[in-house]
Amino acid sequence: MSENSREFDRKMMRLALQLARRGQGRVEPNPLVGAVLCRGRRIVGRGWHGEFGGPHAEINAIRMAGGKARGGTLYVTLEPCCHHGKTGPCTEAILAVAIQRVVVAMVDPNPLVCGQGIRRLRNSGVEVCTGVCQVEAQRLNRPFVKWITTGRPYVILKWAQTIDGCVESRGKSKWISSAASRSMVHQLRGRVDAVMVGIGTVRQDDPRLTARPKKAMDLRRIPRRVILDSYCRLPLTSRLARSARSIPVCVFHRRGFGRAAVLRRKRLESYGVQCLAVAPASEGGLNIREVLQRLGGMGCTNLLVEGGPKVLGAFFQARLADEAWVFIAPQLHGETRGRRAVEGIAPGAGAGIRGAGIEQVRRIAEDILVRLRLAAGGARPMDLKGNDIIDI
Ligand code: AOF
Ligand code: ZN
């Protein structure tokens, strides 16, 4: 195969990866998948998985190509499925229209597929080429890979801090980061399954924790609001409790507590708050791994953790976060007892940060956003691409 053909394959796969992105926030817990169908060097079909339960990417590309699919090459960012799920197996649709060659970026980690789709195609005489743009494809589907292989969601920690590392504002505004940064967070909330904070933050700020992005199309799903609240102290007068019937609120509390807490739990439930018991952690607070396992079981693939400092510290300590988004604003808090973003890490331990790497640095209005890739996913941090770093 010539270098020229290999480059063409990569170009088509990059296009398929771009198409796959369109499903973000709409298809989870399914993966983001894109497909391009070519006859020779002409594109005759494009498709992506657009909504959960809807047709898979390959099917959409094949439909668009119609009669032109026969003898073509299909580029797909994930191995075609061979199982009967909510839709029929893509392998059979590919065989039915006599596609000649299939180029796959990565194997589907779903145990129901996991190489069998590729085998089915090869055994039926289709030429299958794998691993084209594999790193990019795995990067795109990190949340899906995490969820399907561990049963836990992909965890993004997020906070905003002053340049001297404080998370409490001293300015006239209660906000640290700029309006542009905050609107970016609303966009992020609008594509995750759950937004989490600790009870301390709720009692202090009385947050709504809803996704309110600027553009309506950025509200791709309504995230569940999750509170870590060992003793069910969520006030019935809080905005969260009062809106629990219209937008789900889920409280994780410790298993086995006194009668007063049982009563508070009952009251919260009468407000429509879902209360779930998990084991306490030996160092205080809740067993976060169990919390994540429960959220994963509810189909939660992406979790955004917004603080406060104790909760963020617990995630670092337990090495259970995959990413951190840190907004740094040009404010100086000064030498008072302002709280730092992350608490509870023993000096020198640097827990959870070992193996971390900066994935992206961006300027957002007056702030900078640093995206850190943490080690929870097991994989090494990705190399930076030149254009991920914006000179400021
Ligand atoms: C593909 N192409 O576009 C996607 C695939 O319940 P279903 O039928 O939607 O199947 C979901 C599973 O199918 C999902 O867990 C993953 O293994 C695979 N997703 N496969 O060939 C696609 N979205
Ligand atoms: Zn499929």
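Look above for the structure.
Keep in mind that this is a model prediction, so the values were computed, not measured.

Caption draft 1: Representation of the environment of Leu 236 in the model. Relative to the helices and strands, Leu 236 is located in the loop between β8 (224-228) and α9 (239-242). C-alpha separation for the pair Leu 236 and Val 249, spaced 13 residues apart in sequence, amounts to 12 Å. If near-sequence neighbours (up to four positions away) are discounted, Leu 236 is found in contact with Ala 241, Arg 242, Arg 267, Leu 268 and Tyr 271.

Caption draft 2: Broad picture of the side chain of Arg 142. On the secondary structure map, Arg 142 appears in helix α6 (residues 142-150). Within the local environment of Arg 142, its side chain forms a polar contact with the side chain of Glu 323, the two groups lying 3.4 Å apart.

Caption draft 3: Molecular detail of the packing of aromatic side chains. For the structure shown, the criterion picks out two aromatic pairs. An angle of 75° between the planes, with centres 6.4 Å apart, marks the rings of Phe 8 and Tyr 75 as edge-to-face. Residue Phe 8 is found in helix α1 (residues 3-21), and its partner Tyr 75 is found in strand β3 (residues 73-76); the two are separated by 67 residues along the sequence. The two residues Phe 8 and Tyr 75 agree in class, both being buried. Taken together, a centroid distance of 6.2 Å and an interplanar angle of 70° make the contact between Trp 159 and Phe 316 edge-to-face. Note that Trp 159 is positioned in strand β6 (residues 154-162) and Phe 316 in helix α12 (residues 309-317), a separation of 157 residues in sequence. Both residues of the pair, Trp 159 and Phe 316, count as buried. Sitting over the face of the ring of Trp 48, Arg 22 holds its NZ or CZ atom 4.5 Å from the ring centroid.

Caption draft 4: Region of the structure containing the site of ligand 1. The environment of ligand 1 is made up of 18 residues, and the closest members are His 56, Ala 57, Glu 58, Lys 86 and Asp 108. Contact distances for ligand 1 include 2.8 Å between an oxygen atom and a backbone N or O atom of Ala 57. A total of 510 Å² of accessible area belongs to ligand 1 in isolation, and the protein chains cover 96% of it. Considered class by class, the residues forming the shell around ligand 1 number seven nonpolar, seven polar and four charged.

Caption draft 5: Just the pattern of salt bridges, in detail. Inspection of every chain in the model, using the stated rule, returns 20 salt bridges. For Glu 7, the salt bridge goes to Arg 14, with nearest N and O atoms at 3.2 Å. Look at Arg 14 and you get partly exposed, because its relative accessible area is 37%. With a shortest N-O distance of 3.1 Å, Arg 142 and Glu 359 are connected by a salt bridge.

Caption draft 6: Structural context of the coordination of the zinc ion (ligand 2). Looking at the metal site, the zinc ion (ligand 2) is ligated by His 56 (ND1), Cys 81 (SG) and Cys 90 (SG), spaced 2.0 to 2.2 Å from it. If you list the donors of the zinc ion (ligand 2) from N- to C-terminus, the spacing comes out as H-x24-C-x8-C. The exposure classification of Cys 81 matches that of Cys 90, with both residues buried.

Conventions used here
- Residues numbered from 1 in each chain as written.
- Chains lettered and ligands numbered in written order.
- Predicted model: local features only at pLDDT ≥ 70, side-chain atom pairs only at ≥ 80, totals over all residues.
- Heavy atoms only, no water.
- Helix = DSSP H or I, 4+ residues; strand = E, 2+ residues; numbered from the N terminus.
- Contact = heavy atoms within 4.5 Å.
- Polar contact = N/O pair within 3.5 Å; in protein donor to acceptor, adjacent residues only side chain to side chain.
- Phe/Tyr/Trp six-rings, centres within 6.5 Å; stacked < 30°, edge-to-face > 60°.
- Buried < 20%, exposed > 50% of the residue type's maximum accessible area, 1.4 Å probe, protein only.
- Lys NZ or Arg CZ within 6 Å of the ring centre and 35° of its normal.
- Near = heavy atom within 4 Å.
- Areas by Shrake-Rupley, 256 points an atom, 1.4 Å probe, with all protein chains shown as cover.
- Nonpolar A, V, L, I, M, F, W, Y, C, P; charged D, E, K, R; others polar.
- Salt bridge = Lys/Arg side-chain N within 4 Å of Asp/Glu carboxyl O.
- Donors = N, O, S within 2.8 Å, 3.2 Å for Na, K, Ca; no water.

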